[in-house]
Amino acid sequence: MPDYTNLAQRQGEKMSWQDEVDELRRREKLAAAMGGEERIQRQHDNGRLTVRERIAALADTNSFHEIGALAGKATYSDDGQLEDFTPSNFVLGTAKINNRRVVIGGDDFTVRGGAADAKIGDKSGYGERYALEMRLPLVRLIDGSGGGGSVKTLEMVGHSYVPALHGFETTMQLMGHVPVVCACMGSVAGLGAVRTTISHFSLMIKDTSQLFVAGPPVVERGFGKPIEKNELGGSDIHANGSGAVDNEVASETEAFETISRFLSYLPQNVWQAPPRIENTDPVERRDESLLSVIPRDRRQMYQVREIINSVVDMESFFEINPNYGESLVVGLARLNGYSVGVMANDTHHHGGAVNATASEKMMRFVDLCDTFHIPILNVVDNPGFLIGRAAEEEGTVRIGSRALMACYQASVPWVSVITRRCYGVAGAGHGNADRLNLRYAWPSADWGSLPIEGGVQAAYRRDIEAADDPDARRRELEGMLEKYRSPFRTAEAFGIEEIIDPRDTRELLCDWAELAYELLPSQLGPKARTPRP
């Protein structure tokens, strides 16, 4: 009688694909080796993690699922056996951050310095399409050219090419559909630098990352003198000066923590509302310091972040781009666990006046909040657009008008708390006068087309100049008009809807946030336009 047990075993051995699975595992191991031990050590010696270490540090433990691990350049023996394998220098996959799924892509600097011609098959483009169609946030860890080119391509392919931005349509669509976060992890040039800026949030690491259109060798060749990479494009320039990048962090660890925190305020995509978290900070909390935080002397400054931190949930304020457009503070926070955007004027810079950089900052932030349905809280102490020759040379009026358009185009729920000044055209942008324009004023509020102090000089110029004592006459006129500046007179005419005790601000705002989130389901989905980068 035949031994069917042994027959089945022998047939199973012939039909098994175990050899191929073993080969799969071997190739995955080769891919995980990246550019080899020597180049990995060089990366560590430069104070940087490898791309796989970065993904492991950013993502929830064991949540990374790699896509395209086998992509690379292989050489084979005459009998078809794999002899050598160089993996693609772009690592791609999905993972979870705070238990929420995202797409993560990162450049492997240990393989050809992250140059685009070593990426193999447009893995980065596939990652963008994956994020777009699966409606997942995209996180890019950019190191090297990050999609830019290398002149070594000429030798490799034997010809040059006319530059084109293939897949740029997808890049633009992403900005209107899912959160995009870019981290500049090393020296990033060319298209990688552009990709860094086309994002909803970007960061650089102090001393170890740089961003430039072209790196020091190209600049030296063009201008005839050497330049150090941090001097050309370090974080001090772009996170604290040019505004090309939002935030500067001290380490890669802080970078991952910052990315995680930013994403925690945002929805997965524009078809979802921002997530609410459990709140342990009492809604009815009253901060006594709010009663005296605004100086009676209008020329005195104060710390607006103290106001923000007093009214939002404790330790929830996440500031964005703090060292650019410094007269405007922007960031994300929570009110009774609900995610909100916060804008506030900072009197320590230009007296809180809105200049060109603050206008640009305002425009980008309002676009971010409007795109992802994050209600906006505007804390107003706005003396108007910055005046003077420098402001005119910066094109403040044009860039400021773009910021005002962003505010009026926004359809997200919006509330303003006028704490002190609200003057001129810039002040008029505190809310949308053609909508409900929900707002509360503190007793310290002060508004008009011009401040009395400067307006008297313009409106009564001839009277003042004709007086025997012009300074005395100016002070007399200012005193005469002072009685009209009381916010209570404006309230009598219903020019301001509510004047409130500053200590009641938090409870009122928490109530507004709850109402705002009841409205959001009817507003979900993409906007007609994408955010302006």
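First, a word on scope: everything that follows refers to the structure included in this document. Owing to the predicted nature of the structure, the values given are computational and were not obtained by experimental measurement. (Residues numbered from 1 in each chain as written. Predicted model: local features only at pLDDT ≥ 70, side-chain atom pairs only at ≥ 80, totals over all residues. Heavy atoms only, no water.)

**Quick look at the overall build of the protein**
Of the regular secondary structure elements, the protein holds 22 helices and 17 strands. A buried classification covers 48% of the 533 residues belonging to the protein. Intrachain contacts of the protein at a sequence separation of at least 6 include 72% that bridge at least 24 residues. Element-wise, carbon and sulfur atoms account for 53% of the exposed surface of the protein, whose accessible area totals about 26200 Å². (Helix = DSSP H or I, 4+ residues; strand = E, 2+ residues; numbered from the N terminus. Buried < 20%, exposed > 50% of the residue type's maximum accessible area, 1.4 Å probe, protein only. Contact = heavy atoms within 4.5 Å. Areas by Shrake-Rupley, 256 points an atom, 1.4 Å probe, with all protein chains shown as cover.)

**Notes on the packing of helix α4 (residues 51-58) against helix α12 (residues 252-264)**
Packing of α4 against α12 leaves a shortest axis separation of 9 Å and a crossing angle of 45°. Looking at the two axes, α4 sits oblique to α12. As for the relative orientation of α4 and α12, their crossing is right-handed in sense. Counted together, Arg 54, Ala 57 and Leu 58 of α4 and Glu 252, Phe 256 and Ile 259 of α12 form the full contact between these two elements. A per-class count over the contact of α4 with α12 returns 4 nonpolar, no polar and 2 charged. (Axes fitted to C-alpha atoms, helices over the stretch in contact; angles between N-to-C directions. Parallel < 35°, antiparallel > 145°, perpendicular 65-115°, else oblique. Left-handed = near helix turned anticlockwise from the far one by under 90°. Nonpolar A, V, L, I, M, F, W, Y, C, P; charged D, E, K, R; others polar.)

**Structural notes on unusual backbone geometry**
Notably, Met 34 is not glycine yet its phi reads approximately 55°, a positive angle. Take Met 34: it is sitting in the loop between α2 (18-32) and α3 (37-45). Backbone geometry places Asp 207, a non-glycine residue, at a positive phi of 75°. Judged by its relative accessible area of 53%, Asp 207 is exposed.

**Regarding the pairing of strand β7 (residues 180-189)**
In terms of burial, β7 is a largely internal element, 9 of the 10 residues being buried. By the bridge criterion, 6 bridges tie strand β6 (residues 138-144) to β7 in an arrangement that is parallel. Note on β7: the bridge partner recorded for Gly 144 is Val 188. Of the crossover connections in this fold, the one passing from β7 over helix α8 (residues 191-197) to the parallel strand β8 (residues 201-205) is right-handed. Across 3 bridges, the pairing between β7 and strand β9 (residues 210-212) is parallel. What sits directly across from Val 188, in β9, is Leu 211. (Pairing = 2+ DSSP bridges. Right-handed = clockwise from strand over helix to strand, strands pointing away.)

**A word on the pattern of salt bridges**
Using the criterion set out here, one finds 29 salt bridges in the structure. A salt bridge links Arg 26 to Glu 23, with the nearest nitrogen and oxygen atoms 3.1 Å apart. Within this pair, Arg 26 and its partner Glu 23 are both found in helix α2, separated by 3 residues, close to a single helical turn. With a shortest N-O distance of 2.8 Å, Arg 389 and Glu 393 are connected by a salt bridge. One end of the pair is Arg 389 and the other is Glu 393, both in helix α15 (residues 389-393) and 4 residues apart, which spans about a single turn. Since its relative accessible area comes to 66%, Arg 389 is described here as exposed. Its relative accessible area of 59% is what places Glu 393 among the exposed residues. One network of salt bridges, in which partners are shared, links Arg 286, Glu 288, Asp 501, Arg 503 and Asp 504. (Salt bridge = Lys/Arg side-chain N within 4 Å of Asp/Glu carboxyl O.)

**Brief notes about the side chain of Asp 246**
On the secondary structure map, Asp 246 appears in the loop between α11 (235-242) and β10 (247-249). A distance of 3.5 Å separates a polar atom in the side chain of Asp 246 from a polar atom in the side chain of Asn 321. Here the side chain of Asp 246 touches Arg 364 through a polar contact of 3.0 Å, side chain to side chain. Residues in contact with Asp 246, not counting those within four places in the same chain, are His 200, Phe 201, Ser 202, Ala 239, Ile 320, Asn 321, Pro 322 and Arg 364. (Polar contact = N/O pair within 3.5 Å; in protein donor to acceptor, adjacent residues only side chain to side chain.)

**Description of the nonpolar core**
With 51 residues, the main nonpolar core has Ile 104, Val 139, Leu 141, Ile 259, Phe 262, Ile 320 and Val 366 as its most contacted residues. Apart from residues no more than four positions distant in its own chain, Val 139 is found in contact with Leu 58, Ile 97, Val 103, Ile 104, Gly 105, Val 181, Ile 259 and Leu 263. Of all hydrophobic cores here, the second largest spans 31 residues; its members include Val 329, Val 342, Tyr 440 and Ala 513. (Core = buried A, V, L, I, M, F, W, Y, C linked by side-chain atoms within 4.5 Å.)

**Topic: the environment of Val 188**
Here Val 188 is to be found in strand β7. Sequence separation between Val 188 and Val 213 is 25 residues, and the spatial gap between their C-alpha atoms is 8.4 Å. Each residue touching Val 188, except ones within four places of it in the same chain, is listed here: Ile 142, Asp 143, Gly 144, Ala 193, Thr 196, Gln 210, Leu 211 and Phe 212.

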